[in-house]
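An overview of the molecular structure
Given next are the chains, with one letter for each unit.
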Amino acid sequence: MATVLWDISAVRRMLDNIGRGPETRHELKQAVAMAGFSVERSAKQNLTRMVYSQPERGYRRTGTLRRSVHTAPPKESHSDDPERAKTSDLGGKKSGEVVGEAGDTLVVEVGSWLLYARRVHDGTGPRMTARPYLTDALTQNERFIEDTIVRGLTRALTHA
């Protein structure tokens, strides 16, 4: 599971003092959600490139793992239900539904609930090489995440 965390305590205190706290929190939640969705999209693209276009011998390519990658609030109940993954793409959630709060930290998680997702990501040794589709997605989006959060903060400060 890849996690995007951003501690907004200092920003929150500053903006609460000028009466802009709730609007800012909303804008920042939107920005963190956008960051999560971007990592999700990149992880799915990485899976297509790393796993589905270059399968290892003996493994079927069904698309279940790619469909199971989703953005969610932390500690969401993720069942290990392969049937759910076969029939639904868990993307398409509204941004307010995917961002969790832990005190002054906004959190969104991107990953899969499938048991074998970690084995694909980390590899199993000589039989299956690591295919780090999530960590690569997070690395690919570092700059976008920073820019998105800055834009969200800027929007919050410029709206009346």
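Overview of the structure. (Residues numbered from 1 in each chain as written. Predicted model: local features only at pLDDT ≥ 70, side-chain atom pairs only at ≥ 80, totals over all residues. Heavy atoms only, no water.)

Let's shift gears to the overall build of the protein chain. Along the protein chain, the regular secondary structure elements total 7 helices and 4 strands. Counted from the first residue to the last, the protein chain has its helices and strands arranged as β-α-α-α-β-α-β-β-α-α-α. Here the protein chain holds 160 residues, and 43% of them are scored as buried. Intrachain contacts of the protein chain at a sequence separation of at least 6 include 72% that bridge at least 24 residues. Summed over its atoms, the accessible surface of the protein chain is roughly 9000 Å², and 53% of this surface lies on carbon and sulfur atoms. (Helix = DSSP H or I, 4+ residues; strand = E, 2+ residues; numbered from the N terminus. Buried < 20%, exposed > 50% of the residue type's maximum accessible area, 1.4 Å probe, protein only. Contact = heavy atoms within 4.5 Å. Areas by Shrake-Rupley, 256 points an atom, 1.4 Å probe, with all protein chains shown as cover.)

On to the pattern of salt bridges, then. What the rule picks out here adds up to 4 salt bridges. A salt bridge links Glu-101 to Lys-29; its shortest N-O distance comes to 3.1 Å. Of the two residues, Glu-101 is situated in strand E3 (residues 100-102) and Lys-29 in helix H2 (residues 21-52); the sequence distance between them amounts to 72 residues. Across the pair Arg-143 and Asp-147 runs a salt bridge whose closest N-O atoms are separated by 3.5 Å. Residue Arg-143 and its partner Asp-147 are located together in helix H7 (residues 142-158), separated by 4 residues, close to a single helical turn. Here Arg-143 falls in the exposed class, since its relative accessible area comes to 57%. Exposure remark for Asp-147: the relative accessible area of 29% places this residue in the partly exposed category. (Salt bridge = Lys/Arg side-chain N within 4 Å of Asp/Glu carboxyl O.)

To continue, consider the pairing of strand E4 (residues 105-111). Counted residue by residue, E4 has 7 buried out of 7 residues, so it is predominantly covered. Note that strand E2 (residues 70-72) and E4 share 3 bridges and pair antiparallel. Note that in E4 the partner of Ala-72 across the bridge is Glu-109. As paired strands, E3 and E4 are joined by 3 bridges and run antiparallel to one another. Across the sheet, the residue bridging to Ala-102 is Thr-105, located in E4. Linking E3 to E4, which pair antiparallel, is a turn of 2 residues; within it Gly-103 sits at a positive phi near 70°. (Pairing = 2+ DSSP bridges.)

With that out of the way, let us pick up the side chain of Ser-112. Structurally, Ser-112 can be placed in the loop between E4 and helix H5 (115-122). The class for Ser-112 is buried, based on a relative accessible area of 12%. A distance of 2.6 Å separates the side chain of Ser-112 from the side chain of Ser-68, its partner in a polar contact. (Polar contact = N/O pair within 3.5 Å; in protein donor to acceptor, adjacent residues only side chain to side chain.)

Looking now at the environment of Gly-152. Within the secondary structure, Gly-152 sits in helix H7. Expressed as a C-alpha distance, the spacing of Gly-152 and Arg-25, which sit 127 residues apart in the sequence, is 9.3 Å. Apart from the residues within four sequence positions on either side, Gly-152 is in contact with Glu-27, Leu-28 and Ala-31.

A word on the environment of Ala-31. Its place among the elements puts Ala-31 in helix H2. Using a relative accessible area of 0% as the deciding quantity, one classes Ala-31 as buried. Taking C-alpha positions, Ala-31 is 7.8 Å from Arg-151, a pair spaced 120 residues apart along the chain. Not counting chain neighbours up to four residues away, the residues in contact with Ala-31 comprise Thr-148, Ile-149 and Gly-152.

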